[in-house]
Amino acid sequence: MKKILLSAALVCMMICGVSASDTPEVNWGEKIALYLPNRIVDAFDCFSVNVGVGPTICANMMATRFINVGGSWGDVTYTLYKDYNRQYGGGIQQGWYWQLICIGEENLTRERVFGWVRNYWEACAGVPRPDDRVYLPRDGARDYWQFSASLGFLVCGEVALHPIEGFDFLLGFFFLDFKNDDLTFDDFQ
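The structure contained in this document is the topic of the report that follows. (Residues numbered from 1 in each chain as written. Predicted model: local features only at pLDDT ≥ 70, side-chain atom pairs only at ≥ 80, totals over all residues. Heavy atoms only, no water.)

So, on to the packing of helix 3 (residues 35-45) against helix 4 (residues 163-172). Running from N to C, helix 3 and helix 4 cross one another at 160 degrees; their axes reach a closest spacing of 8 Å. When the axes of helix 3 and helix 4 are compared, the pair comes out roughly antiparallel. In the crossing of helix 3 with helix 4, the sense of the turn from one axis to the other is left-handed. Counting all contacts with helix 3, which are made through Tyr35, Arg39, Asp42, Ala43 and Asp45, the residues of helix 4 involved are Glu165, Asp168, Phe169 and Gly172. When its residues are assigned to classes, the contact of helix 3 with helix 4 shows three nonpolar, one polar and five charged. (Axes fitted to C-alpha atoms, helices over the stretch in contact; angles between N-to-C directions. Helix = DSSP H or I, 4+ residues; strand = E, 2+ residues; numbered from the N terminus. Parallel < 35°, antiparallel > 145°, perpendicular 65-115°, else oblique. Left-handed = near helix turned anticlockwise from the far one by under 90°. Contact = heavy atoms within 4.5 Å. Nonpolar A, V, L, I, M, F, W, Y, C, P; charged D, E, K, R; others polar.)

Attention shifts here to the packing of aromatic side chains. Under the definition given, this model contains six aromatic pairs. When the centroid spacing of 5.4 Å and the interplanar angle of 70 degrees are considered together, the rings of tryptophan 28 and phenylalanine 175 count as edge-to-face. Of the two residues, tryptophan 28 is situated in helix 2 (residues 28-33) and phenylalanine 175 in the segment after helix 4; the sequence distance between them amounts to 147 residues. On the basis of relative accessibility, which here comes to 30%, the residue phenylalanine 175 falls in the partly exposed class. Ring plane angle 45 degrees and centroid distance 5.1 Å describe the contact between tyrosine 35 and phenylalanine 175, whose orientation is recorded as tilted. Placement of tyrosine 35 in helix 3 and of phenylalanine 175 in the segment after helix 4 is noted, with a sequence separation of 140 residues between them. In this structure tyrosine 35 comes out as partly exposed when scored by relative accessible area, which is 23%. Through a chain of ring-to-ring contacts, the aromatic side chains of Trp28, Tyr35 and Phe175 assemble into a single cluster. Just above the ring of tyrosine 35 sits the side chain of arginine 39; from NZ or CZ to the centre is 5.2 Å. (Phe/Tyr/Trp six-rings, centres within 6.5 Å; stacked < 30°, edge-to-face > 60°. Buried < 20%, exposed > 50% of the residue type's maximum accessible area, 1.4 Å probe, protein only. Lys NZ or Arg CZ within 6 Å of the ring centre and 35° of its normal.)

This next bit is on the pattern of salt bridges. In this structure the tally under the stated criterion is nine salt bridges. One salt bridge connects aspartate 83 with arginine 110, and the closest N-O pair in it is separated by 2.9 Å. With aspartate 83 in strand 2 (residues 68-83) and arginine 110 in strand 4 (residues 103-115), this pair connects stretches of sequence that are 27 residues apart. Taken individually, aspartate 83 and arginine 110 each receive the classification buried, so the pair is uniform in this respect. (Salt bridge = Lys/Arg side-chain N within 4 Å of Asp/Glu carboxyl O.)

Purely geometric numbers; function is a separate question.
Here you go:
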């Protein structure tokens, strides 16, 4: 079991680009004091729920951005986000996309955001690439590796699971933080 968890941690570290120079000295008092809050926050990071209202229609099933079937069109959709990389708040989403397995097109924007939501504009055709800036594991507005479903007409909802965040949550029980997103005392100052 230890070998499996260690192997999973190493794979996740390689995916997220963590190196020894990225890891600051460990403050064990801080890690122990914030252990429970960090496990709760990591658990909430594992999923997303977004709801939008406006002239929009969407139907989509996704098992990573590479394997995605469906599409969406929306003029000005007012959306509330509980999204990837701790994005909480709202904003306006507009644009369209379609995808059939690994081929598709999109021209989608998220703008006039509030809270901790990141804005972006994504316009592409063909196969989505995980090294695109919008999919960065620590700072990206979208998760390339998510499993999600969306459906709606005039009111669209999306739910998503984030496997990398799931690994971060599980490894957090062993004081490992490969996403380097655990709370520290500096976050409260």
